[in-house]
Amino acid sequence: MDVNKGMAFLHLLLFLACILPLTWTAPGADANRLAEEDIPWWNVNKFLLSTINNGIQHKNMKERMEMLRYVEDKEEGQLLLLSKALHLRKIFAEHIVAVRHLQDAIQDTWDEFKQVKVSEIPEEELCCSLKPSEQQSFGCTTIAPGTNASNLVQSSTTPDRVNLTVKDILKRFPAIISIYYGLEDGTFRIYPAKTASEIEKCKQYDHKIRYWYTLASSPLPKDIVVLVDMDRANSSLAEKLIHRIIKSASPNDRIAIAFSKEEVNASLGRLNNYDWTGSYEEIGVHGFQGILMSGNEKNKKKQSEFVTRNIAQGKEGNPRGFSTLREIFVCGLEMLRKKLRPSLMQNRNESERLVIVTDRQNLTEGIDPNELTRAIQENTTGRFSVVSYTLHEAAQGTVRNLLEDISSRMSGPDTMMVIGLQDEGDLYSSDTTKSFLSFHEIAENLSKPLILVPYWDNFGYGIITSICFPIVVKKTFIGATCSDIPISNELERITAIKDMGESYAFIVDTYGRVLHHPLLPSPLSLDEDPTVVDITLLETDSSVRPLLRKMVNRIEGNEEVETFFVESIGRPRGVNVPNGIRFGKKRFHYFWTPINDTDLILNIAIRIEENGKITSSKCVCKSEVECRTPHFQYHRLDTVSEDSLCRYFNATVYKGNGTVKFAPTCFHNVQAYLREENKEWEDKVTQIFRDRTPASKFKIIKEDLQKSVWLVEEAENIWSTYDATFNNNAIGSRYIGTYDGVIGTFPGVQLQPIYDPRLMTWYQQAVVNKAEHPTVTVTTPYFDSIISGMVVTVATPLQRQNMDVEAVLAADFTLQFMVNKFIEALPACRNKYTCMLVDESGYVVLHNSFYNTTSCSSEEGRAKNITAAHITKLEPDIARDLIKEGFLKRRGCVDYARDIKYYFWKLQLSYPDKSFFSHNLSGLEYAILSLPYTSLHLVLMKPQPIFQHCHCALSLEDMEHHQACVDTCRRTCECPCIADEHTQPCSTGIEDDVHRIKLPACSPTGAVDSVIRDVRNIKKPCNNYECSTRPREQCNEDIGCLWAENKCHPVHELCTSNGVPSKKLNALSSLLKQTRLLTSSSWKDF
């Protein structure tokens, strides 16, 4: 041990010895005192360190790291920025040229487009009629749903110049995967042609409500207020109209809907007071009307459900409504006036749209058209527009006449439009998604490309971005043309800051919308349109705000700032919830520059080290010979000979060897890898790493991964020769993940293509808890599909000389082995105390009640309070007291993948004066301490003489306090009796911009725990491992075994084939449930 580290550890022990007698003493007699001699906490540390040194071989791997050469270089941030900006400009350049050529061709030859009836378009021209065997090399057309067969359209009869332009584009720019245009008449044409199987819901595809079209037709962010006043109940016309308006909103827009003046006023009052304490799980008039919500898919779905319910009720369900047309306008203008955008967006150009939907005839009484027109003009901006839909009999009534009169008095031809709809036949023939652009707005964007925030492609390319131009003829918007870029291939390359620790990059546009940021979900993990996020919601520190303003105003620069930095602390394994986060202040140097010919700005934020330097560091091979990997085995097992495979409990594995997989971002073409990983890919990768063929020959994978593959192979060599006194039978799987995305598993398994070790909980927890000395992290128990049993993952980082993490070592240990070792370290936990290890989020990692328990799935483990068990559930009285003392605090973040607010707990005892805490409370005595070199807390509690309810509400008289405790927006405490670990204390309904601004972003999550692909049904076992030969004391610790009914059973025998407990296991569980705290007799019986 290093002398300085040894002295530091000795000082810590002396310090703890001095404070233990004081800190652990609780009120009461000696009989009620937690005895110091019963709590040799250092034994727990020894046991945890033995798991990483003996079980994972951390010491040996650290020695192997010394065979690499450490390199540190000074970095020039400005040069790095310019090189990445140049690459980004190059990506967009050819797409901009191509789409601009097609835009010119269509606009110049518009008079040559021939009109034909929809019914007369040949079948071979329609994408939805094409089969793969009939696919043409040129274009095809789709028709928006609802388009009348007798309508005249133009898209399918393209002039020769347009055809020649497209052919030239596809020939000159082979990187362009598709180019297309959509028109206002409802036709859409794409090149090359797509078949029906390649277009999601082909016959329902409506380009006029797709993100690329709505943005091209109206580039500015829009605030849309829809006011509905209907006499008729169950108006299908009104319902379909409003649904179409909602769908037409892009993720850039915000939309609000209201059915009455009173509810608008109530909603605006809550907005002013920031009072979001109500529960909006079921959207109703009290929590929803009148508030502008982001136009993401989640909100639009909820809004549509809300509209359906209110339309069905009609005036009977909402008798108040609006009394006059003036009242409708006043409410709409008030809603727009009270809107709240992130501060970076305030005072920027944006479009405001008021939409009125009514079937009433009696709204015109006492209205002076001049006065109402003047009021509208005085309370709106130059980007304001109104569209009024008069339905059914009102389509030709007095309300329509009054609206047309007001429209004629307002300045500008596109400021207001009145559309009468008598039946559903008028719905699709009318311009229900009118863009309301003045020609001034179109003209300023006519030659400027629109680059979309990445979104989900309906044509099978995953997450893409599009380069678009509007098509304008004679000052009239007639459509848009675009080209797609599979952006996930490029974003990683541009935004990755290699070998510079916590440095990162992001891309924004001039409206502050984020195209890429490390706190947003990876494009690879999405299967629908992502939420459009303002940069101020991700870069939340006030010190960065002036820099962001310069960025969106395209003022190039660089500056040092101290700002918030978010780190993931992972999530409990076995459940699919967002990551919790930890954040603090760190110093960064921001460099930013606008990208020419676009409205994008690229920023790189480089972490400044404590010595004030900006450096890059990495470990490299000292020579090619020392980094050879002759035993490289790619992770695909479906192409391997059956003789090389065997069955390891419940999974097919590579016999006697590990396998290597690469994260998707390790490949040059990410989308191609995810679609096409096959034998050819495997052969090329194997040639690169086993045969040392230069990676540049195939241009399939990054060229600097050899060192990481060598490190993985070294770990596998150590694990395969491991033979020590440590219980090897307690380890299910070992694995190593490197900082650049290489993952090695032992025994070797086949993983899902999307798998990335850096996004997994075991990796993130180890990285965030790195230190100068070896550290240990332990995940919550979960069901492992390989061994069909409950395990916990123990992990530890391998670090470079500058503390940056090179790799993380991890292993899955059986839950019973870990519980047994835990109790061996603290013998008093057998029958004297309730004992547990709790992580920094309050989740229980080990508990003495976990002894001799198992589950057939993580879901069952969750039900048994084993998987993702939280201290607020297992020990609510302790949790309540920790909340009161300020050690257990509520934290929150916004998960932009799910578009939800996520609340979690943070458990922290201030070191060094609060590393220990004990308390005697209403007969409950407990103690808690932070374990050195881990992120865990040891909690011990004396058994309660009688069962006691959670003490925050012990009687009816306390109910008022009980309810106030749950209202966490005004609380001084929280009550875990009824507020569990996932309670969202302020709002659980539709997400609003007001509350979101208060919370940082959650760190993106990776794949779920089920990542093994058992592609081969191999029956031959890897060894002669038999549970039935194990004695009682060894059975429960070994993988895949459990002692029950005086016999050692394979765990899979205790579960049925469909993953539920068998009668045998249920009988065992019921016996264990009879006691809350295991006693000596219960250990003897089982």
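Quick caveat: nothing in here was measured; it's all calculated off a predicted structure.

**Student:** Outline the sheet that holds strand 7 (residues 222-229), listing residues and values.
**Tutor:** Strand order in the open sheet formed by 6 strands is 9-8-7-10-11-12, and the pairing between neighbours is mixed. Sheet topology places strand 9 (293-294) and strand 12 (416-421) at the edges, where each strand pairs with a single neighbour. Pairing of strand 7 with strand 8 (residues 254-258), which is carried by 5 bridges, proceeds in the parallel orientation. If you follow V225 over to strand 8, its bridge partner there is A256. Helix 11 (residues 325-337) contacts strand 7, strand 8, strand 10 (351-358), strand 11 (384-391) and strand 12 of the sheet and is inclined by roughly 150° relative to strand 7. Against the sheet, helix 13 (residues 398-409) makes contact with strand 10, strand 11 and strand 12, and its axis sits at roughly 160° relative to strand 12, the strand it touches most.

**Student:** Report on the packing of aromatic side chains, specifying residues and quantitative values.
**Tutor:** Applying the stated criterion across every chain, the model contains 26 aromatic pairs. Ring geometry for F662 versus F667: centroids 6.3 Å apart, planes at 85°, classification edge-to-face. Summarising the burial analysis for this pair, F662 and F667 share the class buried. Put simply, the rings of F632, Y634, F662, F667, Y673, W681 and F689 touch in pairs and so form one group of aromatic residues. Against the face of F564 rests K585, its NZ or CZ located 4.9 Å from the ring centre. Of note, R800 hangs over the ring of Y739, and the distance from its end group to the ring centre comes to 4.5 Å.

**Student:** I'd like a rundown of the state of the cysteines, residues and numbers included.
**Tutor:** Within this structure, the stated rule accounts for 8 disulfides. Sulfur-sulfur distance for the disulfide between C468 and C482 comes to 2.1 Å. Between C468 and C482, the disulfide has an S-S torsion of 110° and is therefore right-handed. Of this pair, C468 sits in strand 15 (residues 463-473) while C482 sits in strand 16 (residues 476-485), and the two are 14 residues apart along the sequence. Two residues share a disulfide in this structure: C1035 and C1048, whose sulfurs sit 2.1 Å from each other. Judged by the sign of its S-S torsion, about 90°, the bond between C1035 and C1048 is right-handed. In this pair, C1035 is assigned in helix 29 (residues 1032-1035) and C1048 in strand 40 (residues 1047-1050), connecting sequence segments 13 residues apart. A relative accessible area of 3% means that C1048 is categorised as buried.

**Student:** Give me the packing of helix 2 (residues 41-55) against helix 23 (residues 815-825): which residues, what numbers.
**Tutor:** Between helix 2 and helix 23, whose axes approach to 8 Å, the crossing angle comes to 145°. Helix 23 is crossed by helix 2, and the crossing has right-handed handedness. Contacts between helix 2 and helix 23 pair N43, V44, F47, L48 and T51 from the former with M818, K821, F822 and A825 from the latter. Along the lines of polarity and charge, the residues of the contact of helix 2 with helix 23 split into 6 nonpolar, 2 polar and 1 charged.

**Student:** I'd like a description of the sheet that holds strand 17 (residues 504-509), backed by residues and values.
**Tutor:** Taken together, the 5 strands give an open sheet; going across it, the order is 18-17-21-20-19, and neighbouring strands pair in antiparallel fashion. A single partner strand is all that each edge strand has here, and the edge strands are strand 18 (514-516) and strand 19 (557-570). The mean inter-strand angle of the sheet, taken between neighbouring strand axes irrespective of direction, is 35°. Here strand 19 pairs with strand 20 (residues 580-594) via 13 bridges, running antiparallel. When the sheet's bridge partners are listed, S568 is paired in strand 20 with I581. Together, strand 17, strand 19, strand 20 and strand 21 (600-607) form the strand contacts of helix 4 (residues 77-108), whose direction differs from that of strand 21 by roughly 150°. Here helix 22 (residues 761-768) sits on the sheet and contacts strand 19 and strand 20; the angle it forms with strand 19, its principal contact strand, is near 125°.

**Student:** Describe unusual backbone geometry, and please don't skip the residues or the numbers.
**Tutor:** Cis geometry marks the peptide bond from Y191 to P192; its omega dihedral reads -15°. Within the element layout of this structure, P192 appears in the loop between strand 6 (187-191) and helix 6 (211-217). A cis amide bond, omega 0°, links F746 with the succeeding residue P747. Along the polypeptide, P747 turns up in the loop between strand 27 (742-746) and helix 22. Positive phi values are uncommon outside glycine, yet R554 reaches one of about 60°. Within the secondary structure layout, R554 lies in the loop between helix 17 (545-552) and strand 19.

**Student:** Break down the environment of P523 for me, citing the residues and quoting the values.
**Tutor:** Looking at where P523 falls in the secondary structure, it is placed in the loop between strand 18 and helix 17. Residue classification places P523 among the buried residues on the basis of a relative accessible area of 12%.

**Student:** Pulling in residues and values, what's your account of the side chain of N603?
**Tutor:** Mapping N603 onto the fold places it in strand 21. The class of N603 is buried, set by a relative accessible area of 0%. Aside from chain neighbours lying at most four places away, what touches N603 is Y504, A505, F506, M551, Y590, F591 and W592.

**Student:** I'd like a rundown of the pairing of strand 17, residues and numbers included.
**Tutor:** Here strand 17 lies mainly inside the structure; 6 of its 6 residues are buried. Of the two faces of strand 17, the one carrying Y504, F506 and V508 and the one carrying A505, I507 and D509 are both buried. Here strand 17 pairs with strand 21 via 6 bridges, running antiparallel. What sits directly across from A505, in strand 21, is I604. Of the strand pairs in this sheet, strand 17 and strand 18 are connected by 2 bridges, and their pairing is antiparallel. Each bridged residue has a counterpart across the sheet, and for I507 the counterpart in strand 18 is H516. Linkage of strand 17 to strand 18, two consecutive antiparallel strands, is achieved through a turn of 4 residues, within which G512 is found at a positive phi near 85°.

**Student:** I'd like a description of the environment of R513, backed by residues and values.
**Tutor:** With respect to the element layout, R513 can be found in the loop between strand 17 and strand 18. Exposure remark for R513: the relative accessible area of 8% places this residue in the buried category. Once the C-alpha coordinates of R513 and V533 are considered, the two residues, 20 residues apart in sequence, prove to be 5.8 Å apart. Among all residues touching R513, those that are not within four sequence positions of it are L215, P219, P221, N252, V453, I507, V508, V532 and V533. Within the structure, the side chain of R513 is placed 2.7 Å from the side chain of D509, a separation counted as a polar contact.

**Student:** Quick rundown of the pairing of strand 16? Include the residues and the values.
**Tutor:** Of all the 10 residues making up strand 16, 9 are buried; the element is thus mostly covered by neighbouring parts of the structure. When strand 5 (residues 179-183) meets strand 16, the two strands line up antiparallel, connected through 5 bridges. Along strand 16, the bridge assignment pairs I179 with S483. Sheet analysis places strand 15 next to strand 16, joined by 9 bridges and oriented antiparallel. Paired with P470 across the two strands is A480, which belongs to strand 16. In this structure, the hairpin formed by strand 15 and strand 16 is closed by a connection of 2 residues, where K474 is found at a positive phi of approximately 55°.

**Student:** How would you explain helix 7 (residues 236-248) if you had to name every residue and give the values?
**Tutor:** Between its first and last C-alpha atoms helix 7 spans 18 Å; for 13 residues at 1.5 Å apiece the expected length is 18 Å, and the two agree. Regarding helix 7, the residues found buried are L237, A238, L241, I242, H243, R244, I245, I246 and S248.

**Student:** Can you break down the nonpolar core residue by residue, with the values?
**Tutor:** Counting 98 residues, the largest nonpolar core has F662, I701, F822 and L938 as the members making the most contacts within it. Dropping the residues within four chain positions of it, F662 is found in contact with F632, Y634, F667, Y673, V685, F689, I701, L705, V709, G741, V742 and Y755. Membership of the second largest hydrophobic core comes to 74 residues, among which are I199, I467, C468 and I608.

**Student:** An account of helix 5 (residues 160-172) is needed here, citing residue identities and associated values.
**Tutor:** Taking 1.5 Å per residue, 13 residues should reach 18 Å; helix 5 reaches 18 Å between its end C-alpha atoms and fits that length. When we look at burial in helix 5, the residues that qualify are V162, N163, T165, V166 and I169. The arc that holds every buried residue of helix 5, seen down its axis, measures 160°, which confines them to one face. The outward face of helix 5, more than 90 degrees from its buried face, is lined by the exposed residues D160, L164 and K171.

**Student:** Which residues make up the packing of helix 3 (residues 58-65) against helix 21 (residues 706-720), and what values go with them?
**Tutor:** The interhelical angle for the contact between helix 3 and helix 21, taken along N-to-C directions, is 140°, at an axis separation of 10 Å. Remark: the crossing between helix 3 and helix 21 carries right-handed chirality. Between helix 3, through N60, M61, R64 and M65, and helix 21, the contact on the second element is made entirely by W710, L711, E714, A715 and I718. Here the residues of the contact of helix 3 with helix 21 are counted per class, giving 6 nonpolar, 1 polar and 2 charged.

Calculation notes
Residues numbered from 1 in each chain as written. Predicted model: local features only at pLDDT ≥ 70, side-chain atom pairs only at ≥ 80, totals over all residues. Heavy atoms only, no water. Pairing = 2+ DSSP bridges. Helix = DSSP H or I, 4+ residues; strand = E, 2+ residues; numbered from the N terminus. Contact = heavy atoms within 4.5 Å. Axes fitted to C-alpha atoms, helices over the stretch in contact; angles between N-to-C directions. Phe/Tyr/Trp six-rings, centres within 6.5 Å; stacked < 30°, edge-to-face > 60°. Buried < 20%, exposed > 50% of the residue type's maximum accessible area, 1.4 Å probe, protein only. Lys NZ or Arg CZ within 6 Å of the ring centre and 35° of its normal. Disulfide = S-S within 2.5 Å. Left-handed = near helix turned anticlockwise from the far one by under 90°. Nonpolar A, V, L, I, M, F, W, Y, C, P; charged D, E, K, R; others polar. Polar contact = N/O pair within 3.5 Å; in protein donor to acceptor, adjacent residues only side chain to side chain. Expected span 1.5 Å × (residues − 1). Core = buried A, V, L, I, M, F, W, Y, C linked by side-chain atoms within 4.5 Å. Arc of directions from axis to C-beta.

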